[in-house]
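Architecture and fold: a report
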Amino acid sequence: MTRLYHEKLVNSTAMVKAAHENKYAIGHFNINNLEWTKAILEAAQASNTPVILGTSEGAIKYMGGPITVVGMVNGLLEELNITVPVALHLDHGQSIEMAKKCILAGYSSVMFDGSHLPYEENLAKTKELLIFANEHEISVEAEIGSIGGEEDGVVGNGELGDPTQAAEISKTGISMLAAGIGNIHGKYPEWWTGLSFDTLEELQSACKMPMVLHGGSGIPQDQVEKAISMGISKINVNTELQLAFRDATRKYIEAGKDLDDKTKGFDPRKLLNPGYQALKETFNELTEWFGCKGKA
């Protein structure tokens with residue numbers, strides 16, 4: 001299969017490297033459909049902000065497959081005349097086969113999440129993927145020490161990353177490293193005590209490269225900013241977007257606007273618009289936190 005390509009899509013390497021050197025973080029925003037993607041791209045363009053669009057394996061399946069996702073993103077880049085740097089990233093790829101499939105479909109960045117495997121197997125598969133990814137100039141994210149919570153059926157108990165493993169895997173040629181530092185996917189429970197900055201300090205000292213904070217939704221601003229100052233260069237956001245979309249859509253429906261036949265409030269373009277606008281507002285707020293707004 002010949003790899004599909006769009007000249008406006010870039011890989012994540014230069015983005016996260018610049019963020020790491022200048023102490024800010026690139027926002028990685030998970031997308032689920034056309035509205036999600038269009039809202040994020042328009043907000044990024046309007047604010048001159050580089051962005052990483054992320055898709056979990058579940059979201060890829062929901063949208064019809066990686067070729068469909070790439071086609072949608074490429075079309076929007078062209079039709080909306082997007083000029084800021086945009087990467088399309090596989091989030092939590094559970095196999096190198098899936099990562100390769102996304103690369104061939106036209107993704108510009110992939111994550112191989114081998115944290116559920118024995119470390120030596122994780123390392124070996126990461127190296128195998130890198131050979132293929134480097135042929136296509138695709139950035140690769142790896143993970144050690146699983147992230148707490150559940151995403152697409154993958155459950156992590158929140159193990160803290162091992163600095164020895166971080167030092168070794170950082171030498172493979174990956175562009176960024178995800179490692180557990182007490183972060184959790186989804187909404188943070190009441191018992192959550194916060195990020196482990198001691199662990200982050202040890203990991204960053206060991207790997208000396210851009211690191212990724214998964215489960216970024218719901219972490220207090222002061223902890224986010226401190227993590228960025230200590231080497232976090234990419235922050236993944238999913239749940240916070242979903243909650244913002246839900247709340248705005250609920251408000252529209254509870255006001256009965258979808259029942260107004262005269263204005264055709266049931267039209268999906270009107271029904272989904274409040275959530276669409278909420279996605280933009282959330283993007284703008286979070287990229288201020290991350291320090292990446294205007295950094296395109």
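Not measured: the values here are computed from a predicted model.

Moving on to the nonpolar core. Membership of the largest hydrophobic core comes to 83 residues, with the highest contact counts inside it found for Phe29, Val86, Val110, Leu177, Ile235 and Phe290. The element contributing the most residues to this core is helix 5 (residues 96-105), with seven residues. In contact with Val110, other than residues within four places in its own chain, are His89, Leu90, Ala99, Cys102, Ile103, Leu129, Ile138, Ser139, Val140 and Glu141. Among the nonpolar cores identified, the runner-up in size contains five residues, and Val16, Met111, Met176 and Val212 belong to it.

Most of helix 5 is tucked away: seven of the 10 residues are buried. Considered for burial, the residues of helix 5 that qualify are Ile96, Met98, Ala99, Cys102, Ile103, Leu104 and Ala105. Looking at the buried residues of helix 5, the elements they touch are helix 3 (57-63), helix 4 (66-79), strand 3 (86-93), strand 4 (109-112) and helix 6 (119-135). A positive phi of about 125 degrees marks Gly106, the residue just after helix 5.

For the coordinates displayed, the defined rule picks out eight salt bridges. A salt bridge links Glu42 to Lys280; its shortest N-O distance comes to 2.8 Å. Of the two residues, Glu42 is situated in helix 2 (residues 34-47) and Lys280 in helix 12 (residues 273-290); the sequence distance between them amounts to 238 residues. Taken together, the shared-partner salt bridges connect Lys38, Glu42 and Lys280 into one network.

Moving on, we get to the pairing of strand 8 (residues 176-179). Here strand 8 shows no split at all, with Met176 and Ala178 on one side and Leu177 and Ala179 on the other all buried. Pairing analysis gives four bridges linking strand 5 (residues 139-144) to strand 8, with the strands arranged parallel. Opposite Ala142, over in strand 8, you have Leu177 as the bridge partner. One ladder, built from two bridges, connects strand 8 with strand 9 (residues 211-213); its direction is parallel. Following the sheet pairing, Leu177 is matched in strand 9 by Met211.

Time to look at the packing of aromatic side chains. All told, the structure shown has two aromatic pairs when counted by the stated rule. Centre to centre, the rings of Phe29 and Phe283 are 4.9 Å apart; their planes meet at 45 degrees, and the pair counts as tilted. With a gap of 254 residues between them, Phe29 in strand 1 (residues 26-30) and Phe283 in helix 12 connect regions that are remote in the sequence. In this structure Phe29 comes out as buried when scored by relative accessible area, which is 0%.

Moving on to unusual backbone geometry. A positive phi angle, close to 55 degrees, is found at Asn48, a residue other than glycine. Within the secondary structure, Asn48 sits in the loop between helix 2 and strand 2 (51-56). Assessed through its relative accessible area of 36%, Asn48 is described here as partly exposed. Although it is not a glycine, Lys208 adopts a positive phi angle of roughly 50 degrees.

About the criteria used
Residues numbered from 1 in each chain as written. Predicted model: local features only at pLDDT ≥ 70, side-chain atom pairs only at ≥ 80, totals over all residues. Heavy atoms only, no water. Core = buried A, V, L, I, M, F, W, Y, C linked by side-chain atoms within 4.5 Å. Buried < 20%, exposed > 50% of the residue type's maximum accessible area, 1.4 Å probe, protein only. Helix = DSSP H or I, 4+ residues; strand = E, 2+ residues; numbered from the N terminus. Contact = heavy atoms within 4.5 Å. Salt bridge = Lys/Arg side-chain N within 4 Å of Asp/Glu carboxyl O. Pairing = 2+ DSSP bridges. Phe/Tyr/Trp six-rings, centres within 6.5 Å; stacked < 30°, edge-to-face > 60°.

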